[in-house]
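Here is what each chain is made of, one letter per residue.
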Amino acid sequence: MFTIDKLVQRLSKVSHFKDLPPSAIFEIVSAGEVHRYPKGLLLFSEGEPCSGLYVLFHGRIHLCKISPQGQQSIIGVVNPVIMFNEVPVLDGGTNPVTAVVDEACVLWHISRENFQALAKRYPVLALSLLPVLAARNRKLLIFCEDINFRSVMGRTAKILLGLSENGTMHIDRRQYPNHVLAAQAATVPEPFCRAVRMLRGHGAIQCTRSAITVLDAQRLAHIAEVDSACVA
């Protein structure tokens, strides 16, 4: 049960709000609403009018770009407790991405109008978005670099290295089925599966129905053309 007090406590952990007093966070929380959404729900679509600002408290959200042919690329994965969809709240434009509920979630939502009113009362609220936007811009540039300069196998190797935390964890295939991993690699399942088979042939990974295990992180890093110690 997400009471106002619990939301204030949780929202105070979000980097945007950590410097605000509890009274201000209480006012901010009260200006929005809490919603629960099931897995698979389309939260909002790219190109639609601004859907407002969200904070994820539980679950997982995929932020996607979808091509005219319907191919989906996952350009961001939102985990608790993180805010998202800041850009249209600031500039009044349309949603820049499509948001899909990947795991049943609890979200706090505030409209652009309410956010703008609060930002006038608490300017730090708007200013605090700047470092977050800068960080996400850097991630987007890295994503573009991967698409332009890395092969599908290189992108696949980099994703597996990151999800396994440099080979220290198994990758749960129920949480990351092929179509999700392919979308993160900005490709479709068939070439992604070919890349996985090739990585298995190189002895870099082992696959079962339930998990992908990194056997040789250094080899995977070499194929991905990255320093394994620097993979996010």
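To be clear, the structure that these remarks concern was listed above.
Presented here is an overview of the structure given in this document. (Residues numbered from 1 in each chain as written. Predicted model: local features only at pLDDT ≥ 70, side-chain atom pairs only at ≥ 80, totals over all residues. Heavy atoms only, no water.)

**Things to note about the packing of aromatic side chains**
One pass over the full model with this rule turns up three aromatic pairs. Ring centres of Phe44 and Phe84 lie 6.4 Å apart, and the angle between their planes is 25 degrees; this geometry places the pair in the stacked category. Residue Phe44 is found in strand E2 (residues 42–44), and its partner Phe84 is found in strand E5 (residues 82–84); the two are separated by 40 residues along the sequence. Side by side, Phe44 and Phe84 carry an identical accessibility label, which is buried. Ring centres of Tyr54 and Phe84 lie 5.3 Å apart, and the angle between their planes is 10 degrees; this geometry places the pair in the stacked category. You can see Tyr54 sitting in strand E3 (residues 53–66) and its partner Phe84 sitting in strand E5, a full 30 residues away along the chain. Taken together, Phe44, Tyr54 and Phe84 form an aromatic cluster joined through their ring pairs. (Phe/Tyr/Trp six-rings, centres within 6.5 Å; stacked < 30°, edge-to-face > 60°. Helix = DSSP H or I, 4+ residues; strand = E, 2+ residues; numbered from the N terminus. Buried < 20%, exposed > 50% of the residue type's maximum accessible area, 1.4 Å probe, protein only.)

**So, the pairing of strand E6 (residues 98–110)**
Of all 13 residues making up E6, 10 are buried, and the element is well covered by its neighbours. Where strand E1 (residues 33–37) and E6 come together, five bridges link them in antiparallel fashion. Its bridge partner lying in E6, Tyr37 is registered against Cys105. Pairing analysis gives two bridges linking E2 to E6, with the strands arranged antiparallel. (Pairing = 2+ DSSP bridges.)

**Here we look at the sheet that holds strand E7 (residues 171–172)**
Strand order in this open sheet of three strands is E7-E9-E8, and the pairing throughout is antiparallel. The two strands at the open ends of the sheet, each matched to only one other strand, are E7 and strand E8 (205–207). Sheet analysis places E8 next to strand E9 (residues 211–214), joined by three bridges and oriented antiparallel. By the bridge assignment, Cys207 is partnered in E9 with Ile212.

**Some thoughts on the environment of Phe149**
Counting through the fold element by element, Phe149 comes out in helix H6 (residues 129–149). Taking relative accessible area as the criterion, Phe149 reaches 65% and is therefore assigned exposed. When the C-alpha positions of Phe149 and Ala182 are compared, they lie 17 Å apart, and in sequence the two are 33 residues distant.

**With respect to unusual backbone geometry**
A cis amide bond links Pro80 with the next residue in sequence, Val81, at an omega value of -10 degrees. Its place among the elements puts Val81 in the loop between strand E4 (72–78) and E5. Although it is not a glycine, Glu165 sits at a positive phi angle of roughly 50 degrees. By secondary structure assignment, the location of Glu165 is in the loop between helix H7 (152–163) and E7.

**Here we look at the pattern of salt bridges**
In this structure the tally under the stated criterion is 12 salt bridges. Between Glu27 and Arg121 there is a salt bridge, and its shortest N-O distance comes to 2.9 Å. Of this pair, Glu27 sits in helix H2 (residues 22–30) while Arg121 sits in helix H4 (residues 112–121), placing them 94 residues apart in sequence. Since its relative accessible area comes to 26%, Glu27 is described here as partly exposed. On the basis of relative accessible area, Arg121 is assigned to the exposed category, the value being 54%. Arg219 is paired through a salt bridge with Asp216; the nearest N and O atoms lie 3.7 Å apart. A relative accessible area of 37% means that Arg219 is categorised as partly exposed. (Salt bridge = Lys/Arg side-chain N within 4 Å of Asp/Glu carboxyl O.)

**Notes on the side chain of Thr98**
The topology assignment puts Thr98 in strand E6. Overall, Thr98 belongs to the buried group, its relative accessible area being 6%.

**Focus: helix H1 (residues 4–11)**
Those residues of H1 not exposed but buried are Leu7, Val8 and Leu11. Seen along its axis, H1 keeps its buried residues to an arc of 100 degrees; they face one direction. Turned more than 90 degrees away from the buried face of H1 sit Asp5 and Gln9, all of them exposed. On its buried side, H1 packs onto H2, E1 and E3. (Arc of directions from axis to C-beta. Contact = heavy atoms within 4.5 Å.)

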